[in-house]
Amino acid sequence: MDNANAASADSQRNPSALVQRVLSAVVLLPLVVVCVWWGFWPFTALVVAAAVVGLGELYAAFNHGGRQANYALGIVLLALVLGAMIFRAVAGIDLLAPALALMVMISLAACASRHAQHGAVAEWALTFGGALYIGGLLGFLVLLRALETPLRGGLLALLQPQPGAAWIALVLMATWGQDVFAYFVGKRWGRRRMAPSLSPRKTWEGAAGGMLGALAGALLALALFGLPLSLWMTVLIGVVAGIVGPVGDLSESFIKRQAGLKDAGSLIPGHGGILDRIDSLLFSAPAIYMVLMAVL
């Protein structure tokens with residue numbers, strides 16, 4: 001979400017950019033809501049699809065920057081790490097350590113035959129690291145969807161939301177609240193750039209607006225779903241999302257700058273690629289999950 005907390009000069013020059021963003025959100029949001037609400041497996045299928053597409057975009061960015069990554073091998077590694085997290089969510093058995101060991105062994109063995117080729121070690125590292133970045137972080141969404149901590153009853157209690165759906169809603173609302181508030185506050189009042197060389201459109205004013213948006217999103221989720229959290233724990237989660245979301249955004253910006261790209265893809269009009277849409281979520285989902293494990 002490279003344009004999130006910035007005064008967007010491009011939007012001013014091209015008013016249709018904002019229209020594209022809104023229309024894309026209108027199309028995609030119902031799909032996400034249906035998958036989240038429907039059940040564990042539809043949502044997991046959505047996560048897997050996002051991971052596969054996002055990994056392809058990441059490897060394409062590496063290749064554009066002059067570094068090769070092995071997509072076929074990456075899919076195998078992605079399946080191992082994401083599969084281990086899905087298995088933990090379903091069966092409660094943690095196979096992540098064996099999965100990581102297999103990832104190292106399989107990837108090194110697959111690349112060893114190319115020992116005479118220049119850059120083979122870099123290819124192995126990028127292939128392995130990319131699969132772990134996408135699959136290992138997205139997998140926390142699956143773990144969150146599997147949480148069964150009873151809800152206390154909220155404004156949507158009559159709809160009988162599943163606990164896992166409520167936890168996913170908390171993460172999405174806090175993360176997207178940060179993104180939306182940062183975008184519009186940064187566009188209207190952004191003056192002081194946060195990281196000019198890395199992401200020139202981001203401003204400290206946008207970051208402050210994003211923090212308010214993350215807090216608002218977390219508090220709204222608390223009210224709607226009756227999450228078993230105190231007010232202060234909800235505020236803490238909002239603050240965490242307000243901090244780590246932009247860090248995830250900047251981390252993806254780092255990759256794109258190294259590759260010489262503006263967007264990771266063009267799949268979503270007005271937003272870029274899948275990776276551009278989930279970059280903040282890749283950091284906020286694990287961070288919020290860890291906070292919840294500490295307080296629940």
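This text goes with the structure placed above it.
Residues numbered from 1 in each chain as written. Predicted model: local features only at pLDDT ≥ 70, side-chain atom pairs only at ≥ 80, totals over all residues. Heavy atoms only, no water.

### Here we look at the environment of Arg 193
Then comes step 1: Among the structural elements, Arg 193 can be located in strand S1 (residues 193–195).
Then comes step 2: Taking the C-alpha atoms as reference, Arg 193 lies 8.5 Å from Glu 205; in sequence the two are 12 residues apart.
Then comes step 3: Excluding residues that lie within four positions of it along the chain, Arg 193 makes contacts with Pro 200, Lys 202, Thr 203 and Trp 204. (Helix = DSSP H or I, 4+ residues; strand = E, 2+ residues; numbered from the N terminus. Contact = heavy atoms within 4.5 Å.)

### Notes on the packing of aromatic side chains
Then comes step 1: Per the stated rule, a full pass over the model turns up 6 aromatic pairs.
Then comes step 2: Three or more aromatic residues link up through ring pairs in this structure, and these residues are Tyr 59, Phe 62 and Tyr 71. (Phe/Tyr/Trp six-rings, centres within 6.5 Å; stacked < 30°, edge-to-face > 60°.)

### Overview of the nonpolar core
Then comes step 1: Counting 65 residues, the largest nonpolar core has Ile 134, Leu 138, Leu 141, Leu 144, Leu 170 and Leu 227 as its most contacted members.
Then comes step 2: With 11 residues, helix H10 (residues 274–295) is the single largest residue contributor to this core.
Then comes step 3: The contact partners of Leu 141, leaving out residues within four places of it in the chain, are Phe 43, Val 47, Ile 168, Val 171, Leu 281 and Ala 285. (Core = buried A, V, L, I, M, F, W, Y, C linked by side-chain atoms within 4.5 Å. Buried < 20%, exposed > 50% of the residue type's maximum accessible area, 1.4 Å probe, protein only.)

### Some remarks on the environment of Gly 154
Then comes step 1: In this structure, Gly 154 sits in the loop between helix H6 (120–145) and helix H7 (163–189).
Then comes step 2: Taking the relative accessible area as the measure of exposure, Gly 154 reaches 24% and is therefore partly exposed.
Then comes step 3: In sequence terms Gly 154 and Leu 224 are 70 residues apart; their C-alpha atoms lie 4.9 Å from each other.
Then comes step 4: Ignoring sequence-local partners within four residues, the contact set of Gly 154 consists of Ala 223, Leu 224, Phe 225 and Gly 226.

### Describing the side chain of Arg 277
Then comes step 1: Turning to its location among the elements, Arg 277 is positioned in helix H10.
Then comes step 2: For Arg 277, a relative accessible area of 18% puts it in the buried group.
Then comes step 3: In terms of polar contacts, Arg 277 uses its side chain to reach the side chain of Asp 179, at 3.2 Å. (Polar contact = N/O pair within 3.5 Å; in protein donor to acceptor, adjacent residues only side chain to side chain.)

### Section: a nonpolar patch on the surface
Then comes step 1: Judged by side-chain polarity, Val 76, Leu 102, Met 105 and Ile 106 come together as a nonpolar surface patch covering roughly 320 Å² of accessible area.
Then comes step 2: Here the nonpolar patch takes 3 residues from helix H5 (residues 96–112), the largest share from any one element.
Then comes step 3: Tracing the backbone through its elements, the reader meets Ile 106 in helix H5. (Patch = residues over 30% accessible without salt bridge, like charges linked within 9 Å, V, L, I, M, F, W, Y side chains within 5 Å. Areas by Shrake-Rupley, 256 points an atom, 1.4 Å probe, with all protein chains shown as cover. Salt bridge = Lys/Arg side-chain N within 4 Å of Asp/Glu carboxyl O.)

### A closer look at the packing of H7 against helix H9 (residues 231–259)
Then comes step 1: Relative orientation of the contacting elements H7 and H9 amounts to 55°, with a least axis distance of 9 Å. Considering the angle they form, H7 stands oblique to H9. Where H7 crosses over H9, the handedness of that crossing is right-handed. Contact residues: Leu 170, Ala 174 and Gln 178 in H7; Ile 237, Ala 241, Gly 242 and Pro 246 in H9. (Axes fitted to C-alpha atoms, helices over the stretch in contact; angles between N-to-C directions. Parallel < 35°, antiparallel > 145°, perpendicular 65-115°, else oblique. Left-handed = near helix turned anticlockwise from the far one by under 90°.)

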